Amino acid sequence: MPTYAATLLRPDDLIIRLTSSASDGDDKLKALRYLKNQIIGNRTKKLSYIKLGAVPAVVSILSDSSAGNCEASLSLLVQAVATIGSFACGLDTGVKAVIDAEALPILFSLINYPNEKIVDAGTRSLKLIYQSKLAPRYNFFQEKNMESLLLLLNSENENVSGLGASIITHSCRTSIEQKALSETGVLKKLVSLLGGSLCQREASLESLATITKGNPEVISQLVGLEEKALSIITELTKDKYPRIRLLACVFLLALRNTSPCYLEDTGITTKLVLILLDILDDPGQVGDEAPFALSNLVAGNKDLQNLAFEANAVDKLCDCLQKAVLQPRRVQGIFLALAGLCSTLEKCRSRLLSLQVFNLVNSALTHRSSDVHEAVCIFFKCISRSIKNLSADHFINETNISLLVELLNDTSTSVQIAALGAISNIVIDFTTNKLTIIQCGGLRELVQLSKSMDSSLRLNAVWALRNLIFLTDRQFKEVVMLELTSTALLSLICDSETSVQEQALAFVRNLVDGPLECIDYVFAEGGLLLQAVCRQIRSALKDEVLVQGLYILCNVASGNEFHKEAVMQALLYPIDNSQPMILRFLQSSNSQLQTVSTWAIINLISPSSPGSSDRAVKLKNIGIIPQLKILVNDSCLDVKLRVKTALGLFMNIEDGAAE
Amino acid sequence: MPVRVAEASAASSQLSGASSGNTIPPACSLLSVGQAFSGTQNVSSLQKDEAWRVNVRIQGCDLQHGYLCGTMEALNVPMADTPVVTFWEGEIVDTKNYTFFTGKWEATTEVDIRHWTKFASFSPLMSQVENDGGKSLDFSNYPYIFMRWKEQYFVNVGPDCGLTIAGFYYVCFSCSDGSISGFYYDPNSSPFQKLELKSTNEGRCGFSFSSYELQ
């Protein structure tokens, strides 16, 4: 087809030809063809022509030619529609320009045009627009809109019926809309489209997924009204097109998550694992999305994780990772899937470590995409749930620790939280990771985040600090406390969130464990920390907070006379002006509280300590013996054994005194 | 504990059967992460009597899966300049995850019974174990925990240090006082080398407990 040579027509000249009343139909047709050829597949040119106002010019031609009915009008219409579609294809700026130029009503009117070619072109352009989140939401409740939608779905033309389904996929968001659609015969029509052409199957699967998403009532309606719906969709998991297989899997997965009863007897969930593994290496969008579906499928399900492992999922995912380096969506999905597989099964972690992919992991940590960062951190967190691997120092080194520490500063809170989760586990190690974290500046970042206004960041930061300080020596604790400070720790102990309080108290529990002199931390500055701990114990409502607080007292009571006396004072303190604290905890229904309380008593009357007898007398005076005797036959063995030990110690002291 | 290799014959192993029931041993404060134990291992042979001082620390504990792990430090090892540290993993006999029958590591059921019967606390369980492998045993109130500990690798020396960690320990832990006794089994080493440990307070006047929580 002859057209203007590129050198002959500048963009602004082109716009003039499109808009000038001096241009005849032929000029405009040539200009439109030229424009269409310029912009096809060329994002830069699309943007540049949009800026010059090309879209309103084309829409104007669209409007004029749609009203005409001669051959010349038809040619202009075809080109105008195609050009509009091209502007909207994969470009949100283009979609916006098309919508702003009021092209939508005109395009919709073309659906009924007495020319198949125009109908197809118009429908294709509309589908491209409705793939964008900028497309206006279809108002299902506006008069006659539902009727028009049903007309689209019922059309013999597969593009038109596919468009109807796409509009539903784009616009249906609320449960009210889902309900309304399910009550109008839409479900029936969509199910019938599942047996149609490729584009109908695709559009229908997406649409059904949207209408049923998170809605057990609509699901029940679908299954009730359309008996074969589930079996048709299940069959589609074997479709020859990978995209259809993926969409069918995604639908069934969503169904399982909302209304698992419909899939329980079918054994389909186990088949989904194999189907998804099979399409992992699809080069297109299917391969990008399949790992996300796999991650969703195996989440929290050890049996499915096991099945995936047996089907070599770890190897397959690592293989895809090697090839996917430059595709952020795919890389993100693969890491999430690997994280899911390694979340509980040690054999998955072992297999992964044997594949030596950590060079890829490190490069993913420096990827441009925040989503990739977050996924890698989640992956790290899951793979480091293995104490065996942490102890062996198999995969953590200074490089990846410093990369994770950098992510603590990320602008995205979810990346920071994910990095904190990974670091939380890594610092449990028993070799060098703790020191490396400090050397990489990680301690400073953790302490900063523990002061964040965001409670999730505070919680995860304190959690990481708690794990960091587990089983460390005096020197290490000194370094940590210098950075954190008692003031900040006090503030965390009294945090507004009980989960933060719990982790802060667990931090103190670890702080006062180990070398004897570490107990002195809670006595510094007149005992501020100890007083705060005692206040928390007295006022806490959550058992988890109480348990950690009591452990602190128990650990302090394993110290010297001064320490033991301080704990005595705390434990004899009356709660709510009634019983001494220690009796209240022994009466608790929580076995752990009873156990820790008994350990504290054992420590207080430990025979090697000079003041044990006096403390034993004081405890007896408040009625500790009868309380302990109640627990002699407790159902919890640990409680029973500690109580027996404590009573034995009391008896020895008594016998000693008698002598 | 790494030991020297000695002559012994290999034995075939048998697979243990599955078990059922809710018989998982209770959580025991003294068998938890961070807890330390110290004592000795007798490494005597026909040639000489020898005992190494041993320190053990628990690093990981997952009762639901019958899993335990930690480090073992052997002091005064003649051929080593420093204490030798190994990482071990434990299988807790809970009849759900693991039974009294090892089924690997060249330990036959005869070898298993021979070792378990060396623990006095095993006698009440003997007939049941001989009957059905101990499948119907209920450990929920039993104040002893039976385990197998298998050293996995050397932490601070190379594998060519002249020591071996090919065998494993049959272990009995007393929930009451935290004492541990064990017998090392390796078909190529002297039999019944005994491990005896007590819970240690590491310089404190009482018991102290620390913890971590995996995310």
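For the structure, see preceding data.
For clarity, every value in this text was computed on a predicted model and none was experimentally measured.

1. Side note on the overall build of chain B
The helix and strand tally for chain B stands at 2 helices and 8 strands. Ordering the α and β elements of chain B from the N terminus gives β-β-β-β-α-α-β-β-β-β. Within chain B, the fraction of its 215 residues that count as buried is 54%. Considering only contacts within chain B whose residues lie at least 6 apart along the sequence, 63% involve residues at least 24 apart. Accessible surface, chain B as shown: approximately 8,900 Å² in total, 49% of it carbon and sulfur.

2. Focus on the pattern of salt bridges
In total, this model carries 27 salt bridges over all chains according to the counting rule given. Among the salt bridges present, the one from R330 of chain A reaches D288 of chain A, with a minimum N-O distance of 2.8 Å. Pair noted here: R330 of chain A is in helix α21 (residues 328–341) and D288 of chain A is in helix α18 (residues 285–298), with a separation of 42 residues, a long-range link. Note on accessibility: R330 of chain A and D288 of chain A belong to one class, buried. Between K104 of chain B and E91 of chain B there is a salt bridge, with the nearest N and O atoms lying 2.3 Å from each other. Pair noted here: K104 of chain B is in the loop between β4 (84–92) and α1 (109–116) and E91 of chain B is in strand β4, with a separation of 13 residues, a long-range link.

3. With respect to the interface of chain A and chain B
Contacts between chain A and chain B engage 48 residues on the former and 35 residues on the latter. Together, the buried faces of chain A and chain B total about 3,400 Å²; carbon and sulfur atoms form 51% of this surface. Counting the surface chain A buries against chain B, the share from its top three residues, K388, W599 and L637 of chain A, is 18%. Connecting chain A to chain B are 1 salt bridge. Between R466 of chain A and E213 of chain B there is a salt bridge, with the nearest N and O atoms lying 3.1 Å from each other. Our enumeration of links across chain A and chain B arrives at 30 residue pairs in polar contact (both at pLDDT 80 or more). When contributions to the side of chain A that touches chain B are tallied by element, the ones reaching two or more residues are α25 (387–392), α27 (413–426), α30 (455–468), α33 (498–511), α35 (543–556), α38 (591–604) and α41 (637–658) of chain A. Broken down by class, the residue content of the side of chain A that touches chain B amounts to 18 nonpolar, 19 polar and 11 charged.

4. Some details on the packing of α27 of chain A against α30 of chain A
All names here are of chain A. The geometry of α27 relative to α30 is characterised by a closest axis approach of 9 Å and an angle of 15° between their N-to-C directions. Considering their axes alone, α27 and α30 lie roughly parallel with respect to each other. The two elements α27 and α30 meet at a crossing, and its hand is left-handed. Between α27, through T413, Q416, I417, L420 and S424, and α30, the contact on the second element is made entirely by S456, L457, N460, A461, W463, A464 and N467. Tallied by class, residues from the contact of α27 with α30 come to 6 nonpolar, 6 polar and no charged.

5. Let's talk about the packing of helix α36 (residues 561–572) of chain A against helix α39 (residues 612–621) of chain A
Residue and element names in this part refer to chain A. Running from N to C, α36 and α39 cross one another at 5°; their axes reach a closest spacing of 11 Å. As the angle between them shows, α36 and α39 are arranged roughly parallel. Contact residues: α36 offers E561, K564, E565, M568 and L572, while α39 offers R615, K618 and L619. Split into classes, the residues belonging to the contact of α36 with α39 amount to 3 nonpolar, no polar and 5 charged.

Rules used throughout
Residues numbered from 1 in each chain as written. Chains lettered and ligands numbered in written order. Predicted model: local features only at pLDDT ≥ 70, side-chain atom pairs only at ≥ 80, totals over all residues. Heavy atoms only, no water. Helix = DSSP H or I, 4+ residues; strand = E, 2+ residues; numbered from the N terminus. Buried < 20%, exposed > 50% of the residue type's maximum accessible area, 1.4 Å probe, protein only. Contact = heavy atoms within 4.5 Å. Areas by Shrake-Rupley, 256 points an atom, 1.4 Å probe, with all protein chains shown as cover. Salt bridge = Lys/Arg side-chain N within 4 Å of Asp/Glu carboxyl O. Buried area = accessible area lost by both parts, 1.4 Å probe. Polar contact = N/O pair within 3.5 Å; in protein donor to acceptor, adjacent residues only side chain to side chain. Nonpolar A, V, L, I, M, F, W, Y, C, P; charged D, E, K, R; others polar. Axes fitted to C-alpha atoms, helices over the stretch in contact; angles between N-to-C directions. Parallel < 35°, antiparallel > 145°, perpendicular 65-115°, else oblique. Left-handed = near helix turned anticlockwise from the far one by under 90°.

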